[in-house]
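Structural description and commentary
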Amino acid sequence: MEDLFGQHYLSSNDAAQVLGYTVQHTRLLIRQGQLPAQKLGRDWLVSQGDLARFRVSQTTSPPRRLDTPEVTLPRAPNGEISAVNVSQVPQLSPFRYPGGKTWLIPYVRAWLHSSPSRPRLFVEPFAGGAIASLTAVFEDLAERAMIVEMDEDVSVVWKVILRGDYEQLMQRIMEFLPSPESVRLAISEQGLSPLHHAFATIVRNRMARGGILAPGAGIVKNGENGKGLTSRWYPETLCRRIGEIARRRKRLDPLGGDGFGVMRALASSDGAAYFVDPPYTVAGRRLYKHSEMDHSELFRILARLEGSFLATYDDAQEIRALADKHGFAVHVIAMKTTHHLQKQELLISRDLAWLTPG
Ligand SMILES: C[S@@+](CC[C@H](N)C(=O)[O-])C[C@H]1O[C@@H](n2cnc3c(N)ncnc32)[C@H](O)[C@@H]1O
């Protein structure tokens, strides 16, 4: 039902369903004054706004403790590195990012642990979902991290979470009920403000196949197994992640623009460590708005960096040749794509001795 101001109200029964509590527990919250409500006859009415605020407060208050991360790489008895169990890597990013490197995180940890001192600055020049920067800061592997992303649709999300009104963003996420119309409207409003822009990107990222944000990427119409678009929308999870990132905003710097320029500017800083994950040489075109780049120039910059770097690339002949030319170490790792295809990925650095046990 609606009041004079167009505010929507839910019965305590419906509110309980939204919250995932029993009706009894929901009424207890109302009686305790934790969930604002108005009495109507024998029932209580909860406004959608109050419900959204309550859900935000529930998802942000107790900071989640992360388990102590495993810093050694998983190995088979013969010493070979075995496949990473992605379910054991905390998902920290609000994005489901195409080409995301959650599965590579144990390698990032092992690399950072191998350095004699903790990096003062962790730089992710092609950040996307920024899982490496987030892990570095959440797990205290670096003092601070710089998230650099050229796609404005993506960088605005980082800017709003880390420098803007992230609570408003969380509120919008909680209040949003996805339908083909509401999704279209949210996307069409992206020009109104950075907050609208960030929200539109998050909606697109959830509703597009494979999370692809490149122009022309299709939006799904029916959600998972025809269950509707709500089956792709996890507001509590999104808000919990945003809240936890925002709590660390003093240690995370969001930057729009070109990762090449940032690396050149920082090249002589010795306390920096760079995680370099550029668009794939071939598949990048389909996945990202910005995918064309001068790979030879990127390797020239890597060679000039004072700090340590770990680059990850698809296994392409051109890339192997560039690594060879600069005398970098290359290691091939097998990875499973989301479609369970076996693929080879290259790890490139000045020194990959930390991959060898003992
Ligand atoms: C492979 S994705 C990074 C994925 C990321 N490591 C993750 O785990 O989510 C590459 C990213 O680089 C961005 N990009 C492309 N060219 C760039 C440039 N010159 N400077 C900064 N970012 C760029 C793309 O928009 C894309 O988000």
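Note that this is a predicted model, so its numbers are computed, not measured. (Residues numbered from 1 in each chain as written. Predicted model: local features only at pLDDT ≥ 70, side-chain atom pairs only at ≥ 80, totals over all residues.)

On to the nonpolar core. With 84 residues, the main nonpolar core has Val46, Val108, Ile147, Leu169 and Tyr274 as its most contacted residues. In contact with Leu169, other than residues within four places in its own chain, are Val160, Ile161, Leu195, Ala198, Phe199 and Ile242. (Core = buried A, V, L, I, M, F, W, Y, C linked by C-beta atoms within 7 Å. Buried ≥ 20, exposed ≤ 12 C-beta atoms within 10 Å, placed from the backbone. Contact = placed C-beta atoms within 7 Å.)

A few words now on the sheet that holds strand E2 (residues 38–40). Strands sit in the order E1-E3-E2 across an open sheet of three strands; the sheet is antiparallel. Two strands close off the open sheet at either side, each with one partner strand: strand E1 (9–11) and E2. Taken over all neighbouring pairs, the strand axes of this sheet differ in orientation by 40° on average, direction set aside. Taken together, the three bridges between E2 and strand E3 (residues 43–47) define a ladder with antiparallel strand orientation. Among the inter-strand pairings, Lys39 is bridged to a residue of E3, identified as Trp44. Against the sheet, helix H1 (residues 12–19) makes contact with E1 and E3, and its axis sits at roughly 95° relative to E1, the strand it touches most. (Pairing = 2+ DSSP bridges. Helix = DSSP H or I, 4+ residues; strand = E, 2+ residues; numbered from the N terminus. Axes fitted to C-alpha atoms, helices over the stretch in contact; angles between N-to-C directions.)

Surrounding the ligand, one finds 23 residues, the nearest of these being Tyr97, Phe126, Gly128, Gly129 and Gly259. At the level of elements, strand E5 (144–149) and helix H11 (259–266) are the ones that each hand at least two residues to the shell around the ligand. Taken together, the residues that form the shell around the ligand break down as 12 nonpolar, six polar and five charged. (Near = placed C-beta within 6 Å. Nonpolar A, V, L, I, M, F, W, Y, C, P; charged D, E, K, R; others polar.)

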